[in-house]
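The primary structure of each chain is shown beneath.
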Amino acid sequence: MSKLTLAGDCGTSLLALSNNLKVAIATKLYKPDLDFQNKEDESGLKLRNNADGFELLEANSIVKYLSNDFSTSEDLEFEETVLFSALKSGKKDEIEGALKSRNFSFGKDVSASLIILFASVYALFKDKPDLLESVAAFKQFQALPKVQEAIKKTLSITKVERSLPKN
Amino acid sequence: MSDFIEKFSSISLNDIKNVPESDFPELTAEEKALASQAVTYSNRIEDADSISNLNDSLRNKTFIVGNKPSKADLLVFEKVFKVASKWSSVEDVSKHRHIIRWVDLIQNTLVNVPESEKLKVSLDIEVPREIK
């Protein structure tokens, strides 16, 4: 992985915030020497190995690759469908109930699944810390110093613009 | 890889979830990541950007991860097949040309689709040249 470069998501949406937070946490935890920035000459999120041209453009697969955790779960499917739609459309109020009633099945250790779910829920509900902390695993994870650093970095490079929810 | 295809017993759409990954060649970490990326795109089948990204990711690949088949080919096919069957306009075919080529390969190798239900690939349709 020595020739890896990582360009962040230059967007201004909740989805961009979620994408950047996912890869920021994964790099802090698993590849701390891999810095990433929003580059104007890059079209969007991209992990690239300059040695062989290998590329990934999708945040969840980047997290899985960096953590070497390719397991799947119903929680991940929930993130890739329900949470993704809310991130893309901005209609977060509609999923608040689904989130409150959901029982996530995270293990004791940090996993790709936890990083991905946390980042999306954080992007959607960072203004509602009570909701975020109602999930014990999120509360503990958010308190980790490296996660705090990743949040700080993400917020410094991602400017979310308010927009009307899309139908 | 043609040896693998010859020995592989194509399976029905309904049995895709039951096929073990061990039935396929072992994947490297990079290939697992590409497989994961494609499955994620297919989970977002109603999102135009995700479908566009899936199409682009297949531009230079025979199968989802490159030149070897994997369980991801089955999982993505399961999600994409019905949607792809509705792409008939020149615009749709042009936009999704790499997915259509890949669906045609999978329906004729890994997945057993009844002849009447197969995606019909029109070789006569004139699509605009692709701008990369």
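See the structure shown above.
Residues numbered from 1 in each chain as written. Chains lettered and ligands numbered in written order. Predicted model: local features only at pLDDT ≥ 70, side-chain atom pairs only at ≥ 80, totals over all residues. Heavy atoms only, no water.

**Some points on the packing of helix α2 (residues 29-43) of chain B against helix α4 (residues 71-84) of chain B**
All names here are of chain B.
Then, number 1: Between α2 and α4, the least distance of the axes is 9 Å, while the angle of their chain directions is 10°. When the axes of α2 and α4 are compared, the pair comes out roughly parallel. In terms of crossing hand, the pair formed by α2 and α4 is left-handed. Between α2, through A35, A38, V39, S42 and N43, and α4, the contact on the second element is made entirely by A72, L75, V76, K79 and V80.
Then, number 2: Partitioning the contact of α2 with α4 into residue classes produces seven nonpolar, two polar and one charged. (Axes fitted to C-alpha atoms, helices over the stretch in contact; angles between N-to-C directions. Helix = DSSP H or I, 4+ residues; strand = E, 2+ residues; numbered from the N terminus. Parallel < 35°, antiparallel > 145°, perpendicular 65-115°, else oblique. Left-handed = near helix turned anticlockwise from the far one by under 90°. Contact = heavy atoms within 4.5 Å. Nonpolar A, V, L, I, M, F, W, Y, C, P; charged D, E, K, R; others polar.)

**Remarks on the nonpolar core**
Then, number 1: F118 and F138 of chain A together with V103 of chain B are the most contacted members of the largest nonpolar core, which totals 89 residues.
Then, number 2: Those residues in contact with F118 of chain A that lie beyond four places of it in its chain are L21, I25, L132, F138, F141, Q142, V147 and I151 of chain A. (Core = buried A, V, L, I, M, F, W, Y, C linked by side-chain atoms within 4.5 Å. Buried < 20%, exposed > 50% of the residue type's maximum accessible area, 1.4 Å probe, protein only.)

**As for the environment of L34 of chain B**
Then, number 1: Position of L34 of chain B relative to the elements: it lies in helix α2.
Then, number 2: A sequence separation of 43 residues divides L34 of chain B from F77 of chain B, and the C-alpha atoms of the two residues are 15 Å apart.
Then, number 3: Residues in contact with L34 of chain B, not counting those within four places in the same chain, are F54, E55 and L56 of chain A together with K61, I64 and V65 of chain B.

**What to know about the sheet that holds strand β2 (residues 36-37) of chain A**
Residues and elements named next belong to chain A.
Then, number 1: Pairing in this open sheet of four strands is mixed, and the strands run β2-β1-β3-β4 from one edge to the other. Bordering the open sheet on either side are β2 and β4 (55-56), each of which pairs with just one other strand.
Then, number 2: With two bridges connecting them, strand β3 (residues 46-49) and β4 associate as antiparallel partners. Following the sheet pairing, R48 is matched in β4 by E55. (Pairing = 2+ DSSP bridges.)

**A look at the pairing of β3 of chain A**
Residues and elements named next belong to chain A.
Then, number 1: Relative to β3, strand β1 (residues 4-7) runs antiparallel, the two sharing four bridges. Bridge pairing in β3 places L6 opposite L47.
Then, number 2: Hairpin connection between β3 and β4: a loop of five residues separates the two successive antiparallel strands, and G53 in this loop has a positive phi of roughly 80°.

**Quick look at empty space enclosed by the protein**
Residue and element names in this part refer to chain B.
Then, number 1: Taken as a whole and judged by the stated rule, the model has one cavity of 30 Å³ or more.
Then, number 2: The volume enclosed by the largest cavity comes to roughly 50 Å³.
Then, number 3: If you tally residues by element for the lining of the largest cavity, the top one is α2, at four residues.
Then, number 4: Across the lining of the largest cavity, the residue classes break down as five nonpolar, two polar and one charged. (1 Å grid on protein atoms, 1.4 Å probe; cavity = no way out; pocket = protein on both sides within 12 Å on 5 of 7 lines; lining within 4 Å. Points joined across faces, edges and corners; volume = space filled by probe spheres on them.)

**A short note on the pairing of β1 of chain A**
Put simply, side chains in a regular strand alternate between the two faces of the sheet.
Residue and element names in this part refer to chain A.
Then, number 1: Where β1 meets β2, two bridges bridge the pair, whose relative direction is parallel. Residue L6 lies in a different strand from β2, and its bridge partner there is F36.
Then, number 2: Taken together, β1, helix α1 (residues 14-30) and β2 form a β-α-β motif whose crossover is right-handed. (Right-handed = clockwise from strand over helix to strand, strands pointing away.)

**A closer look at the interface of chain B and chain A**
Where interface size is given, it is often the accessible area lost as the parts come together that is meant.
Then, number 1: With 14 residues of chain B at the contact, the number on the chain A side is 16 residues.
Then, number 2: When chain B packs against chain A, the two sides together hide about 1,400 Å² of surface, and 56% of this comes from carbon and sulfur.
Then, number 3: On inspection of chain B and its partner chain A, the count reaches three salt bridges.
Then, number 4: With a closest N to O distance of 3.6 Å, R44 of chain B and E58 of chain A form a salt bridge.
Then, number 5: Ranked by residue count, the leading element in the side of chain B that touches chain A is α2 of chain B, at ten residues. (Buried area = accessible area lost by both parts, 1.4 Å probe. Salt bridge = Lys/Arg side-chain N within 4 Å of Asp/Glu carboxyl O.)

**Some words on α2 of chain B**
Then, number 1: Taking 1.5 Å of rise per residue, 15 residues should cover 21 Å, and α2 of chain B covers 21 Å from first to last C-alpha, within 8% of that figure.
Then, number 2: Taken across its 15 residues, α2 of chain B has eleven buried, putting it largely inside the fold.
Then, number 3: Tucked into the core, α2 of chain B has its buried residues touching β4, α2 (59-67) and α3 (74-89) of chain A together with α3 (48-57) and α4 of chain B. (Expected span 1.5 Å × (residues − 1).)

Geometric descriptors of this kind do not, in isolation, establish any biological role.
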